[in-house]
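# Examination of the molecular architecture
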Amino acid sequence: MQAKVNSIMAGIDRTRRITFEEQADRYDATALTYPAALIDEIVKLSGVTAGRRILEIGCGSGQATISFAERGFTITAVELGARLAQLAAQKLCDFPNVQVIQHEFESWELPAQPFELVISAEAFHWIVPEIGIPKVAHAMIPGGMVALFWSVTERLNTPLHQAIASAYAEIAPDWVNPLASEVDADFIQRSISAFFERVGGFEPLQSRFYPACVTASINGEVHLEELRTFSAHREMPDSTRQALYAAVAAAFQAHEDRLEQSIGYLLLHTHPLPESA
């Protein structure tokens, strides 16, 4: 199946969410951590204090989870992938108040005790809105908060970016180039807001953007490792993927093997309406 850009959020093929499991260790090695300012803002906006209960949806290998665990919260983290859940549990083994559960969120049975805060990092777009959004409302105390956040890579137009874009245009024109994707902060906000508006039960989403939290220069090997964890690329024909990655590697070699990156973070937060919690 071809992975058109517009299908990443709207009309997303959610069967692809398990592809992260196929590259779990590589994903863990390349995934970003989250800035303290973002985590602290979520804590401040929600009003939760140490010891309070947090539900995390799609914890991956625990990159965001550990930031909240270090602040003393009691966390239930639900992760679809078995290997990702195992990696998260290993990472969080020193925090007895953190439980990692390997399960699909939509079919997971909610515990009797509700949560003060529900979080999801890089994952909520993979949840079926008609099931997941009402379930989140039922999981929360009245007045609780939902915090959803994503890293967003700024689109740049350096000669290396142009060379990589040319490789995609020539070899894989129907596949997503994450360096040139239209999935920016505005796109994510519009898409997730549309999910919540369609399903109902929550106040309008509020947004905050944290620009240029991470500025870095990476080499071709690191970028190719990141591409190998990209869910859309997992579905490419092998011959297309190999040709594309060879062309991307050649582009790096022709441009001093350095790609400039500027990464910000988008936070979307909301509260359930009183009759929904």
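The structure displayed is predicted, hence computed values, not measured ones. (Residues numbered from 1 in each chain as written. Predicted model: local features only at pLDDT ≥ 70, side-chain atom pairs only at ≥ 80, totals over all residues. Heavy atoms only, no water.)

## Some thoughts on unusual backbone geometry
Of all residues except glycine, most have a negative phi; of all peptide bonds, most are trans. The cut-off we apply is this: Counting from the N terminus, the helices are the DSSP runs of H or I reaching at least four residues and the strands are the DSSP runs of E reaching at least two. Burial status follows relative accessibility: with a 1.4 Å probe on protein chains alone, a residue under 20% of its type maximum counts as buried, one over 50% as exposed, and anything between as partly exposed.
Even without being glycine, glutamate 122 reaches a positive phi, approximately 65°. With respect to the secondary-structure elements, glutamate 122 resides in the loop between strand 4 (115–121) and helix 6 (129–139). Residues other than glycine seldom take positive phi values, yet glutamate 256 does so here, at roughly 60°. Given a relative accessible area of 73%, glutamate 256 falls into the exposed group.

## Description of the nonpolar core
As a reminder, the rule being used: The nonpolar core is taken to be a set of buried Ala, Val, Leu, Ile, Met, Phe, Trp, Tyr and Cys residues, with the residues joined through side-chain atoms within 4.5 Å. The contact rule is simple, with two residues in contact once any of their heavy atoms fall within 4.5 Å.
Counting residues in each nonpolar core, the largest one holds 28 residues, and the members touching the most others are Leu55, Ile57, Phe124, Val136, Ile192, Phe196 and Phe202. Every element with two or more residues in this core is listed here: strand 1 (53–57), strand 4, helix 6, strand 5 (140–153), helix 8 (185–199) and strand 7 (259–270). Ignoring sequence-local partners within four residues, the contact set of isoleucine 57 consists of Val78, Phe105, Val118, Ile119, Ser120, Ala121, Ala123, Phe124, Ile127 and Val136. Within the second largest apolar cluster, 27 residues are counted, among which are Ile42, Ile54, Cys59 and Ala69.

## Re the pattern of salt bridges
Side chains that differ in sign of charge can pair as their charged atoms come close. The condition that has to hold: Each reported salt bridge corresponds to a side-chain nitrogen of Lys or Arg within 4 Å of a carboxyl oxygen of Asp or Glu.
One pass over the structure, following the stated rule, counts 6 salt bridges. Note that arginine 198 and glutamate 130 form a salt bridge whose closest N and O atoms lie 2.8 Å from each other. Of this pair, arginine 198 sits in helix 8 while glutamate 130 sits in helix 6; the two residues are 68 residues apart in sequence, bridging distant segments of the chain.

## Some details on the sheet that holds strand 6 (residues 206–218)
Let me state the cut-off plainly: Here the rule is simple: two strands pair whenever DSSP picks up at least two bridges between them. Helix axes are fitted only over the stretch in contact, all axes being lines through C-alpha atoms; the angle between N-to-C directions runs from 0 to 180 degrees.
Across the sheet, 7 strands lie side by side as 3-2-1-4-5-7-6; this open sheet has mixed pairing. Strand pairing shows two members of the sheet lacking a second neighbour, strand 3 (98–102) and strand 6, which therefore form its edges. Neighbouring strand axes in the sheet, compared pairwise and without regard to direction, differ in orientation by 20° on average. Of the pairings in the sheet, the one linking strand 6 to strand 7 comprises 10 bridges and is antiparallel in character.

## Examining the side chain of serine 46
Note the threshold: Between N or O atoms, a polar contact is any pair within 3.5 Å; within protein, one atom must be a potential hydrogen donor and the other a potential acceptor, and residues adjacent in sequence are included only when both atoms are from side chains.
Turning to its location among the elements, serine 46 is positioned in helix 3 (residues 36–46). A polar contact of 3.0 Å, which involves the side chain of serine 46, links it to the backbone oxygen of isoleucine 42.

## A closer look at the packing of aromatic side chains
Spelled out, the test is: Centres within 6.5 Å are what make two rings of Phe, Tyr or Trp a pair, Trp counting through its six-membered ring; a difference in plane orientation under 30 degrees is then read as stacked, over 60 as edge-to-face, and the rest as tilted.
Scanning the entire structure with this criterion turns up 6 aromatic pairs. Relative to phenylalanine 149, the ring of tyrosine 34 lies with its centre 5.3 Å away and its plane at 90°, an arrangement referred to as edge-to-face. Of this pair, tyrosine 34 sits in the loop between helix 2 (24–30) and helix 3 while phenylalanine 149 sits in strand 5; the two residues are 115 residues apart in sequence, bridging distant segments of the chain. Each member of the pair tyrosine 34 and phenylalanine 149 is classed as buried. Grouped by ring-pair contacts, the aromatic residues Tyr34, Phe149 and Tyr265 constitute a single cluster.

Remember that the coordinates give geometry; whether it matters functionally is a separate question.
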